[in-house]
Each structure stands twice: as structure tokens, then as C-alpha cells.
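Given next are the chains, with one letter for each unit.
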Number of protein chains: 2
Amino acid sequence: MADEIQVQSVAHVVFEGFTTLDMYGPVQAFASCRVPDGDGGWHRFFNQFTIGDSPAAVKSGEGPSTMADYSFEDAPDFDILLIPGGFGTRAAVSNDALLAKIAAMSAKADVTATVCTGSAVLARTGLLDGRPATSNKVAWDWVLEQGPKVDWKRQARWVDDGDIVTSSGVSAGIDMALDLIARLRGEEIAVNSAKFMEYIWNRDPANDPFA
Amino acid sequence: MADEIQVQSVAHVVFEGFTTLDMYGPVQAFASCRVPDGDGGWHRFFNQFTIGDSPAAVKSGEGPSTMADYSFEDAPDFDILLIPGGFGTRAAVSNDALLAKIAAMSAKADVTATVCTGSAVLARTGLLDGRPATSNKVAWDWVLEQGPKVDWKRQARWVDDGDIVTSSGVSAGIDMALDLIARLRGEEIAVNSAKFMEYIWNRDPANDPFA
């Protein structure tokens, strides 16, 4: 069975001032989808890497720096694009070069997912126009200004609109990622991922205690 | 008031194959303790950095690499030491040079906190002997072998033993970090941190659905 596992790739966009848990929550959820390889290791269902302006260290909003594995231009193919939020989105929404690169990356992905104010960045590309989406509740008013044509949903832990999935703030990205995993690879794999993470999964997208 | 905020430092140990959410969950909890500085930014209660064998990129168990800001020898002073777990702990528990460095770092810290199999690494330094501690439930039997003199507690989301605090697997580190914040800086700051993270905090250390 293990030899037949289809591996999907997840590319995580990193930019200065991104919020670490926005990215690393989903990173952990995707990485925790695995079965033993019979040789002491694991077969994973998702391969993950990071993309940024250049293959270099990118400082997060919390302090630690993450390496961008590839530049936008040199990134290998991927199936899922993940865009985190963070204080860095305040600059990102006015960075036309970055927005163009993110739009180009989104066009290559089967699914584009955002966490927190990552949806404000995606909104500024125009790709969310006319579509339902959510975002961080702490920065809600500012987010709305970034996408006046977006059908923003305030009461939502996450919003699944098929090829675009958006989540609320920070931790909500973990719930969204697990739900996306359930849709793409089946519920059992998602449940096992949550269990491996010892994560108490909020499975109801309408259960948003922070709205 | 902001000028009077005491800033505590958190040093995160990174080694090859560490589990990212073990570290980045607490990173986010500590970073989310903040008050507006009146100038569009924030005063933070905790400063955070990473330490490793050398100031270079360290590959995690999930794929993405985190920069070690400092080597063990060159790290500035800190108040809290955090040791993550991960598949890399299988090698770390037999790496005497690394264990000696971690023991030296722990001696400098007011509080040493571990997440997941990070407690197995700390156990191998001898610092957990005779003390209550917990760890990841998936790798429980292996963890016990690393510290036969430790008073292991299976049913525990985390165990607070004063200057040493240990948590269960992966996501449990977030609950532990918030509880440690409440102890060190007061409940209001911890509650606000959880709210900023939009995190549904499991505040009861005995509530361990994965035991």
C-alpha cells in the first residue's frame, strides 16, 4: 500500500514579519499525515517547502527566522499554496511585485489556503473578489478595506470555497488544514494527524468563539 | 506603564529533526503577550531567539528549516529555556556533547520547559531524576527508557514542577506555555495571548484526551 501513496506538495509563502504559527500549524498538520514505512521511518502524504523573494532566511513577526527554500521563480511544482498572515502583511498588501508573484503562484496551485491576515494579501490580488472568505478578527476592519468586493464572513473558523480556503486568526489555520486534509485525503488520515499532534480539533467551521 | 514592562528572554533549542509545532506553538504564545506602544507597534513581554550547534539553518522533522540565531557557546542570557521534541530526539538522546550543552543551558535558566519528546532529551541529562514529568503519548514506552529514575506522569497535558515544566505531545506545548505565562506574568496576560492567537486554551493540566 505504502508504495502507492500519492504525495502532494505544499508550498508555504514566507515574507518578513509573517506569523509563525499561521504557517507552522498547517505545516505540522500536513506533516503528521503518514504511515509507517516498515523500516523505522514514515511514508508521508505531503511534501512541504517554503518560497520567498530569495532562498535566504526570513525573519518572522515573533523573532525566529525561517529559511525560504526557493525563490518564487525557482520553486518546483506544488498542489497547495499556503499564505500566512502577520504584521508583515501591512507592508505586503502594498507590495505590487509580491502581489503579482503570489497571484502567479496561486494560478499554479489546485488549492490556495490563507491563514489570518493572509486573506488580506490574497484579497489585494483580486482573486477573492465575489467569493466568500474570512480572516483574523483582531484586524477585521483593516482586512475588509483590503478587499471591498470580497464576501467576508465574520463568524467562521474557516471558509472552504473549493480552490480557495481561508481561515481566521493564527490557531484557526490548524483546524482549516485538518479539514482540507479530510477533503483531499479522507477523514481517517485527518483524524490520525490530529491525534499524532495531540491536537483537540475544532471540526465545526461555524464554531468561531473569537468572532 | 509600557516603559516599566519587564522583558524576559526565551531561548529555544533547535536540532536536526526537531518538531516545528513543539517550538512554534510556545513561540506564538510568548510573542502574543504584548500591549500597544502608542506608536502603532507593540511592547512585548518576552524576547525570543534560537540556539543550536552553530548559527546556521537547522532542518526540522517536517521539512522547513529554522535559523539558529546563536551557538550554545555564544547565546546571550535568557530566563526560559525551551526544548522541543521530534524524530531528531532519537539521535539527540545519545549525543553526549549535545546533552552536556543542554544541561549547561538549563543551569542558566530560571525555568526549563520541554514539549513532546523534549523531556526524553532532558531526562538523559539526569536533570529530571526523581521529579514528576510527562511527554508524548505516541512514543511513551521509548520515553520511559530514557529516564528510568523520572517520576513519569502519563495522564497529564503538562506537569509544572517549578523550575522544570514538561508537556505532552506537540500541541500540548501551547497549553503549557500559556499556563507558564499565567504563572510568571499573571492570568490576564495569558488570557489575552490565547485570545490574540484565537486559540481555544485547554487550561486543565489533567485534561489529557490522548493519554
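Right above here is the structure, for reference.
Residues numbered from 1 in each chain as written. Chains lettered and ligands numbered in written order. Predicted model: local features only at pLDDT ≥ 70, side-chain atom pairs only at ≥ 80, totals over all residues. Heavy atoms only, no water.

## Some words on helix α6 (residues 172–185) of chain B
Residue and element names in this part refer to chain B.
Now for step 1: Along its 14 residues, α6 runs 20 Å from first to last C-alpha, staying within 8% of the 20 Å computed at 1.5 Å per residue.
Now for step 2: Among the 14 residues of α6, 11 are classified as buried, and the element is accordingly described as predominantly covered.
Now for step 3: Buried within α6 we find A172, G173, I174, D175, M176, A177, L178, L180, I181, A182 and R185. (Helix = DSSP H or I, 4+ residues; strand = E, 2+ residues; numbered from the N terminus. Expected span 1.5 Å × (residues − 1). Buried < 20%, exposed > 50% of the residue type's maximum accessible area, 1.4 Å probe, protein only.)

## Considerations on the packing of helix α1 (residues 20–31) of chain B against α6 of chain B
All names here are of chain B.
Now for step 1: Direction vectors running N to C along α1 and α6 enclose 30°, while the axes themselves pass 8 Å from each other. Considered as vectors, α1 and α6 are oriented roughly parallel to each other. The hand of the α1/α6 crossing is right-handed. On α6, the residues that touch G25, P26, A29 and F30 of α1 are G173, I174, A177, L178, L180 and I181. (Axes fitted to C-alpha atoms, helices over the stretch in contact; angles between N-to-C directions. Parallel < 35°, antiparallel > 145°, perpendicular 65-115°, else oblique. Left-handed = near helix turned anticlockwise from the far one by under 90°. Contact = heavy atoms within 4.5 Å.)

## A short note on the relation of the copies chain B and chain A
Now for step 1: Expressed as a screw transformation, the operator carrying chain B onto chain A has a rotation angle of 180° and an axial translation of 0.0 Å, and the superposed copies differ by an RMSD of 0.0 Å. Expressed as an axis order, the relation between the two copies is that of a two-fold axis. Among all residues of chain B, the one whose C-alpha sits closest to the rotation axis is T66 of chain B, at a distance of 2.2 Å.
Now for step 2: The overlap is high: 100% of the interface residues of chain B also sit at the interface in chain A, so the same surface is used on both sides. (Least-squares fit on C-alpha atoms with pLDDT ≥ 70 in both.)

## Concerning the nonpolar core
Now for step 1: I51 and L81 of chain A together with I51 and L81 of chain B are the most contacted members of the largest nonpolar core, which has 74 residues in total.
Now for step 2: Apart from residues lying up to four places away in sequence, I51 of chain A is in contact with A11, H12, V13, V14, A68, Y70, S71, F72, A75, L81 and M105 of chain A.
Now for step 3: I5, F30 and I181 of chain A together with L21 of chain B belong to the second largest nonpolar core, which has 60 residues in total. (Core = buried A, V, L, I, M, F, W, Y, C linked by side-chain atoms within 4.5 Å.)

## Things to note about the packing of aromatic side chains
Now for step 1: Under the definition given, this model contains 13 aromatic pairs over all chains.
Now for step 2: Ring geometry for W140 of chain B and W152 of chain B: centres 6.2 Å apart, planes at 75°, overall edge-to-face. In this pair, W140 of chain B sits in helix α5 (residues 140–146) while W152 of chain B sits in strand β11 (residues 151–152), placing the two residues 12 residues apart along the sequence. For the pair shown, W140 of chain B and W152 of chain B are each scored as buried.
Now for step 3: An aromatic cluster is defined as three or more aromatic residues linked by ring pairs; in this entry it consists of W42 and F196 of chain A together with F87 of chain B.
Now for step 4: Sitting above the plane of the W142 of chain A ring, R90 of chain A keeps its charged end 4.2 Å from the centroid.
Now for step 5: Looking at R185 of chain B, its charged tip hangs above the ring of F46 of chain B, at a distance of 5.4 Å from the centre. (Phe/Tyr/Trp six-rings, centres within 6.5 Å; stacked < 30°, edge-to-face > 60°. Lys NZ or Arg CZ within 6 Å of the ring centre and 35° of its normal.)

## Remarks on the interface of chain B and chain A
Now for step 1: Tallying the contact residues gives 42 residues for chain B and 42 residues for chain A.
Now for step 2: Summing the contributions of chain B and of chain A, the shared interface buries around 3400 Å²; its carbon and sulfur component is 63%.
Now for step 3: Its largest share of buried area at the contact with chain A, chain B owes to Y24, E198 and F210 of chain B, together 21% of the area lost on that side.
Now for step 4: Counting every contact that joins chain B to chain A gives 0 salt bridges.
Now for step 5: Seen at the junction of chain B and chain A, the total is 16 residue pairs in polar contact (both at pLDDT 80 or more).
Now for step 6: Mapped onto the side of chain B that touches chain A, the elements with two or more residues apiece are α1, β3 (42–44), β4 (46–52), β6 (65–67) and α7 (187–196) of chain B.
Now for step 7: Residue composition of the side of chain B that touches chain A, by class: 20 nonpolar, 15 polar and 7 charged. (Buried area = accessible area lost by both parts, 1.4 Å probe. Salt bridge = Lys/Arg side-chain N within 4 Å of Asp/Glu carboxyl O. Polar contact = N/O pair within 3.5 Å; in protein donor to acceptor, adjacent residues only side chain to side chain. Nonpolar A, V, L, I, M, F, W, Y, C, P; charged D, E, K, R; others polar.)

Such coordinate-based values are descriptive only and should not be taken to indicate function.
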